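Summary of structural features
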Amino acid sequence: MRIASGDRVRDVRLEPRAVSLDGERFEFRVAADGAAGEILEIEGRRHRIRVARRGDLVFVWCDGEVYEFMTVRSTGRPRTEAGDLLAPMPGRIRQTCVSEGEAVRAGQLLLILEAMKMEHAIRAPRDGTVRRLPHREGDLVETGTPLVEIA
Amino acid sequence: MRIASGDRVRDVRLEPRAVSLDGERFEFRVAADGAAGEILEIEGRRHRIRVARRGDLVFVWCDGEVYEFMTVRSTGRPRTEAGDLLAPMPGRIRQTCVSEGEAVRAGQLLLILEAMKMEHAIRAPRDGTVRRLPHREGDLVETGTPLVEIA
Amino acid sequence: MIRSLLIANRGEIAVRIARTAREMGIEAVAVYSEADAGAFHVGQMPRAVSLGPGSPRETYLSIPRLIEAAREARVDAVHPGYGFLSESPEFARAVEGAGLLWVGPPASAIEQMGGKVRSRARMREAGVPVVPGSDPAAQSDEELTAEAGRVGFPLLVKASSGGGGKGMSRVDRLEDLQAALAEARRLAVAAFGDGTVYLERLLERPHHVEFQIFGDRAGHVLHLFERECSAQRRHQKIIEETPSPALDPPLRSRMAEAAVEAARAVGYVGAGTVELLLDEKRNFYFLEMNTRLQVEHPITEATLGIDLVRAQIEIADGARLPDGWARLTPRGHAIELRLYAEDPITCLPRSGEVLEYAEPSGPGVRVDSGIARGSQVGVEFDPLLAKLVVLGPDRKAAIERARRALSDWIVLGVETNRRLLAAVLSSEEFVAGRYTTDLVSRLSPPSGEPPAAAWVAAARLLERSGPGGSAAAGGPTPAGDPWGEATGWRVSA
Amino acid sequence: MIRSLLIANRGEIAVRIARTAREMGIEAVAVYSEADAGAFHVGQMPRAVSLGPGSPRETYLSIPRLIEAAREARVDAVHPGYGFLSESPEFARAVEGAGLLWVGPPASAIEQMGGKVRSRARMREAGVPVVPGSDPAAQSDEELTAEAGRVGFPLLVKASSGGGGKGMSRVDRLEDLQAALAEARRLAVAAFGDGTVYLERLLERPHHVEFQIFGDRAGHVLHLFERECSAQRRHQKIIEETPSPALDPPLRSRMAEAAVEAARAVGYVGAGTVELLLDEKRNFYFLEMNTRLQVEHPITEATLGIDLVRAQIEIADGARLPDGWARLTPRGHAIELRLYAEDPITCLPRSGEVLEYAEPSGPGVRVDSGIARGSQVGVEFDPLLAKLVVLGPDRKAAIERARRALSDWIVLGVETNRRLLAAVLSSEEFVAGRYTTDLVSRLSPPSGEPPAAAWVAAARLLERSGPGGSAAAGGPTPAGDPWGEATGWRVSA
């Protein structure tokens, strides 16, 4: 299966006692599945594990750190078009600072989203051109709504 | 359904918003079923609830106290004969102090069970006659094994 | 005699206040918006009153609804916690108007310390040093431009009714002033409905040090030592400690005196905090006074071995300051870590259900939490989830204890700032005790590339629990976590 | 230099030691019997070594297996915790023989304090008062009968190698002596393989007060004040507190001196506890010395603000007693509650899976736990599940805090002594601070008749989760809880 963490996507093949990550093979052993969660032994080292899942999201606590993963469906289109910037939270478009077709540089202010009585600057993650700017100032947007599409 | 707690057995009839305990009817409302467990409102008073179940046993944490319940199957014979004294833990019969047919008084020492490197006195819960004494000194017994049956 | 107490708040502070109330044999009464009916704080109290449906403004921020709730619950007193209406003189008056005890300072003290401008003036009168700034009367661009020369650059444009850094901007050169003023006024109107602004000299890399103050009705006012609050992110404190590594005994007592003076000047009663800025030349200036319980109050409780909330309630009930408080001396070193539901890099608020939760424990470890497994974390409230407070015999041991406890803290389902906290704890400057308010902004938490074990665990869970299709129906879609694909800012929490 | 530490124990104490080790940057290595592979303490440490299958005797009590484990793990030192082999001079020697550091007192000190008889003699030499008793040489019925006259009635027949009240019986009249001796010898042989016994005068309703002792290799020995341990059930402590309500300053220092004297007499190094009995005439007598970390050590840590395990490790590593320990003074009042997996009435051990678990938290609350949700509690080990330690500004506040925290402690699936603890906390004598070792035996916890809400909750769960038929297959049958039907002793936990 294909699993993503952040911008890292890996091909994961699971066998009963081994896993291959992008072809690299690791032997593992479930040393315990007990009160303090699961203990995975990989190449001699023990790892304390706690896991949880919500839909396509998988949360893993491992030796005191937390990691987030997402299943990548081989079938079907990716969840969002590459280039979309989505609303990180429900809010209101306070101000748009660019227009469709305009060329933008990485870090350039694209619009200001007002949420939780604070204003959040939405900036261009990289150089590109504004292909779509679907909302007007004052529009209410839900979490995950595409705000700007950059080609 | 019939539910027991300790030596108390009650007939419980559950409706969506009310329950009757041995015929006595209580209205209730599930005020919340959230992060701190469930909140039951009964006749205006709120109760904080956490529950868990193992087989026929139900554990209820209510407002800081813990209560244990057991389902009583209307069908089938009760789990233990009234009068049985069962081994409270795995152990070894260290000594038997009575014999079958012997009349015993409440509190009388019946046998000594050795478990966890300690000796536990098993005494008669009430006056009666020893109907069965299935084990010999030195026998190993499992949790729940009938030790003495008193008629 | 307080027999029952309405806690006009939610989250960890409501729970924390309820714990002390229960220990005092006082019945704690929770309030909640309909969306919060299942919230953790509601389940922690024997009684709870609904504030009905609606936004925070219509519930936790609605004076009429809260007074109605207090009446309905027939409580003797109201504790506002922090945030929400805790610094609203109107609420304080409404509570007293309803014949209830207000667990907080007199409305008059709240008012005098409320507006930045007013409080600065009041402090100047009282002889407490304040950061050089513009004449409050100066509001026109012309007047303010003139004032700017006097104040000197770099300076800050601030909203008079502002707080938490809202509507505040830095100006380095005269030619940028006008634009900054326009922006500040616009934000101030939007956020506080009041466009008044003023200028204040910007202290470069100052220490943010605050003193816990306590007063009683008999007019006694004392301080309970300081808290170092320089570890801030976007003017939001994330780690506090006491004692402050920046103070020596003489400086500490000078600052403490000023803080007590500030509180006396407004006839302070109850718990309050005087925030001071300490510049590189070890000059200190009055910043503001928080006329309420402070988020970070537990570190003071830890080193002094006292319960500040208990004292708040007793003093509201007419008691004097506890015996012996005048002779208290701190023991050990305490650190607080604030766990926020936010992206550790972008600091954007996060939401979701808490799927797994386990708190650290053991010697010198305290957790004040507003969540449990199953909690729904929304973005409509303050993103503070819980606080970890550690006490150690010395600063080094306290830091080691904080690291240990932080790594034992399990929160799955909502992204938190845990990695940022860990980064601060292991940063050279923090460990050395030489850090100022610019520390956190210069830190970049490691991007947390998952080890093989984490990939394996994720894969095993996905295999165990089958395709997410159905499960996904339940939970929110990963759109709640949108940055990833487009920008790669998204790193695992 | 200790870089890694094998913790030769399990449960809450293994977890507690690991926490300090991790804070010190020392790698903690767990050991476990196969049955314990999923136990909570194993998951708390970065490394773990199996002791293989078998009973405690074949695993946690097997010196060869533990030494083998230490070798395999290449650790620098071994911490025995309490119980198991913590007071075995053979184990101490084996550890040092393997070239490892022993986190504990010298084997010689353990030996001298080991046998009751030997330690009584040693203390008498050292001028420490001991409870009047028989001449160790006297073993025949005739000799002991003669000695009995001297010792006086009521008296106790004790096994020389006994402990925890095992093989101990009270004799009120001369004519009962012979039978008691026979029984005591039989039990002593069975339990300790040593039939030697002795007589000791029985102090009626004494206080059980112990002093925390610490020594270093440089020969310094000091005390860290007392712990009141009179709240006992069947000679098993269930609640401890410090300071002791039974002592006044002069008596405290006299007893402390004697305790330090006792430790000096055997060249004590590291952490130890001298247990004393205090009779109604305020005479005190040496009872025994525990040459290890005590279960109730956290209340001392709480009032003194120190970490006893850290000091144990540092001293094992050659360090002197920490600076300032000689000047420590207690602050506040601390209480420990021991949560046992046992029937609150019969005190019989309980077993089962922990189905729900939530710990109390907040100001002045510490939990040292050996369990978590999912833990399997068996009867083959000590039934101590976890300890709740509260610290309050004074005794009253500490008791209120203990009550509050106890009611927040959620343990479902295994019966515990919680109700007994609650009964003690609300008993008149305990609240008044006037209680002796007979308090607990005279208390009968309320029978806990479930309120309507609990019946409703049980019914709703049964309805939700359907007939137990299938589910029952998983869990143990209610036969694990046998007393109910026959006797009605069985009340809900």
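Residues numbered from 1 in each chain as written. Chains lettered and ligands numbered in written order. Predicted model: local features only at pLDDT ≥ 70, side-chain atom pairs only at ≥ 80, totals over all residues. Heavy atoms only, no water.

**As for the interface of chain C and chain D**
Between chain C and chain D, the contact holds 31 residues from the first and 31 residues from the second. When the two sides are added together, the surface that chain C and chain D hide from each other amounts to roughly 2500 Å², 39% of it contributed by carbon and sulfur. Interface area lost by chain C to chain D is led by Glu23(C), Arg331(C) and Pro363(C), which between them contribute 27%. Taken together, the connections running from chain C to chain D amount to 12 salt bridges. Among the salt bridges present, the one from Asp408(C) reaches Arg22(D), with a minimum N-O distance of 2.7 Å. Taken together, the links from chain C to chain D amount to 18 residue pairs in polar contact (both at pLDDT 80 or more). (Contact = heavy atoms within 4.5 Å. Buried area = accessible area lost by both parts, 1.4 Å probe. Salt bridge = Lys/Arg side-chain N within 4 Å of Asp/Glu carboxyl O. Polar contact = N/O pair within 3.5 Å; in protein donor to acceptor, adjacent residues only side chain to side chain.)

**Quick notes on the environment of Ala94(C)**
Residues and elements named next belong to chain C. In this structure, Ala94 sits in helix H4 (residues 89-97). Sequence separation of Ala94 and Pro64 is 30 residues, and the distance between their C-alpha atoms is 8.4 Å. In this structure, Ala94 is in contact with Ile63 and Ile67, ignoring residues within four places of it in sequence. (Helix = DSSP H or I, 4+ residues; strand = E, 2+ residues; numbered from the N terminus.)

**Overview of the pattern of salt bridges**
Think of it this way: side chains of opposite charge can pair up when their charged atoms draw near. Under the counting rule described, the total for this entry stands at 113 salt bridges over all chains. One salt bridge in this structure joins Arg13(A) and Asp11(A), with 3.4 Å as the shortest N-O distance. In this structure, the salt-bridge partner of Glu111(D) is Arg93(D), at a minimum N-O distance of 2.9 Å. One end of the pair, Glu111(D), is in helix H5 (residues 107-114); the other, Arg93(D), is in helix H4 (residues 89-97), and 18 residues separate them in sequence. A relative accessible area of 27% places Glu111(D) in the partly exposed class. Connected through salt bridges with shared partners, the residues Arg16(C), Arg22(C), Glu23(C), Glu301(C), Asp307(C), Arg366(C), Asp368(C), Arg401(D), Arg404(D) and Asp408(D) form a single ionic network. (Buried < 20%, exposed > 50% of the residue type's maximum accessible area, 1.4 Å probe, protein only.)

**So, the domain arrangement of chain C**
Many analyses report the size of an interface as the accessible area lost when the parts associate. Residues and elements named next belong to chain C. When its domains are assigned, chain C resolves into domain 1 (4-103), domain 2 (132-201) and domain 3 (207-442). Computed from C-alpha coordinates alone, the two centres of domain 1 and domain 3 are separated by 23 Å. Each partner contributes to the interface: domain 1 provides 28 residues, whereas domain 3 provides 32 residues. Interface area, domain 1 with domain 3, both sides summed: about 2200 Å², of which 62% is carbon and sulfur. Counting the surface domain 1 buries against domain 3, the share from its top three residues, Glu12, Arg16 and Tyr82, is 27%. Inspection of the region where domain 1 meets domain 3 yields four salt bridges. (Domains from an automatic or database assignment.)

**Brief notes about H4(C)**
All names here are of chain C. If you check which residues of H4 are buried, you get Pro89, Phe91, Ala92 and Val95. Down the axis of H4, the smallest arc covering the buried residues is 165°, so these residues share one side. Where H4 is buried, its residues contact helix H3 (63-73), strand S4 (77-79), strand S5 (101-102) and helix H5 (107-114). Immediately beyond the C-terminal end of H4, within one or two residues, lies Gly99, with a positive phi of roughly 80°. (Arc of directions from axis to C-beta.)

**So, the confidence of the model for chain C**
All names here are of chain C. Put simply, chain C has an average pLDDT of 90, and 94% of its residues get 70 or more. The low-confidence segment residues 469-493, where pLDDT is below 50, has 66 contacts with residues more than four positions distant or belonging to other chains. Our summary of model confidence lists the complex with pTM equal to 0.85 and ipTM equal to 0.83. (pLDDT = per-residue confidence, 0-100.)

**Side note on the sheet that holds strand S1 (residues 2-5) of chain B**
Residues and elements named next belong to chain B. One closed barrel accounts for eight strands, arranged S1-S2-S3-S4-S5-S6-S7-S8; its pairing is antiparallel. Each neighbouring strand pair of the sheet contributes to a mean axis angle of 35°, computed without reference to strand direction. As paired strands, strand S2 (residues 8-14) and strand S3 (residues 18-21) are joined by three bridges and run antiparallel to one another. Pairing of Leu14 across the sheet is with Val19, part of S3. (Pairing = 2+ DSSP bridges. Axes fitted to C-alpha atoms, helices over the stretch in contact; angles between N-to-C directions.)

**Quick look at the side chain of Glu415(D)**
Residue position: Glu415(D) is located in the loop between strand S20 (410-412) and helix H13 (418-425). Of note is the side chain of Glu415(D), whose polar atom sits 2.9 Å from the side chain of Arg350(D).

**Some remarks on the relation of the copies chain C and chain D**
Of the two same-sequence chains, chain C is brought onto chain D (RMSD 0.0 Å, axial shift 0.0 Å) by a rotation of 180°. Such values leave the two copies arranged in the relation of a two-fold axis. When each C-alpha of chain C is compared by its distance to the rotation axis, Arg366(C) comes out closest, at 3.5 Å. Interface overlap between copies: 100% of the residues of chain C at the interface are likewise at the interface in chain D, consistent with a symmetric, same-surface contact. (Least-squares fit on C-alpha atoms with pLDDT ≥ 70 in both.)

**Section: the environment of Arg401(C)**
In this fold, Arg401(C) is placed in helix H12 (residues 395-408). Separated by 163 residues in the primary sequence, Arg401(C) and Ile238(C) place their C-alpha atoms 17 Å from one another. Setting aside chain neighbours within four positions, we find Arg401(C) in contact with Pro363(C), Gly364(C), Val365(C), Val390(C), Leu391(C), Gly392(C), Glu23(D) and Asp307(D). In this structure the side chain of Arg401(C) is engaged in a polar contact, spanning 3.0 Å, whose partner is the side chain of Glu23(D).

**Digging into the domain arrangement of chain A**
If you check the domain split of chain A, you get domain 1 (2-71) and domain 2 (84-150). Here the C-alpha centre of domain 2 of chain A lies 35 Å away from the C-alpha centre of domain 1 of chain A.

**What about the confidence of the model for chain A?**
A residue-level look at chain A finds 89% of positions with pLDDT of 70 or above and a mean pLDDT of 82. For the stretch residues 75-82 of chain A, pLDDT sits under 50, and the model shows eight contacts to residues farther than four places along the chain or on other chains.

**Considering the sheet that holds strand S10 (residues 221-233) of chain D**
Residues and elements named next belong to chain D. Spatially, S13-S12-S9-S10-S11-S14-S19-S17 is the arrangement adopted by the eight strands of the open sheet, whose pairing is antiparallel. The open sheet is flanked by strand S13 (284-290) and strand S17 (365-369), the only strands paired with a single partner. Direction aside, neighbouring strands of the sheet carry axes that sit 25° apart on average. In terms of strand pairing, strand S11 (residues 236-242) meets strand S14 (residues 333-340) through four bridges, oriented antiparallel. Bridging across to S14, Thr242 finds its partner in Ala334.

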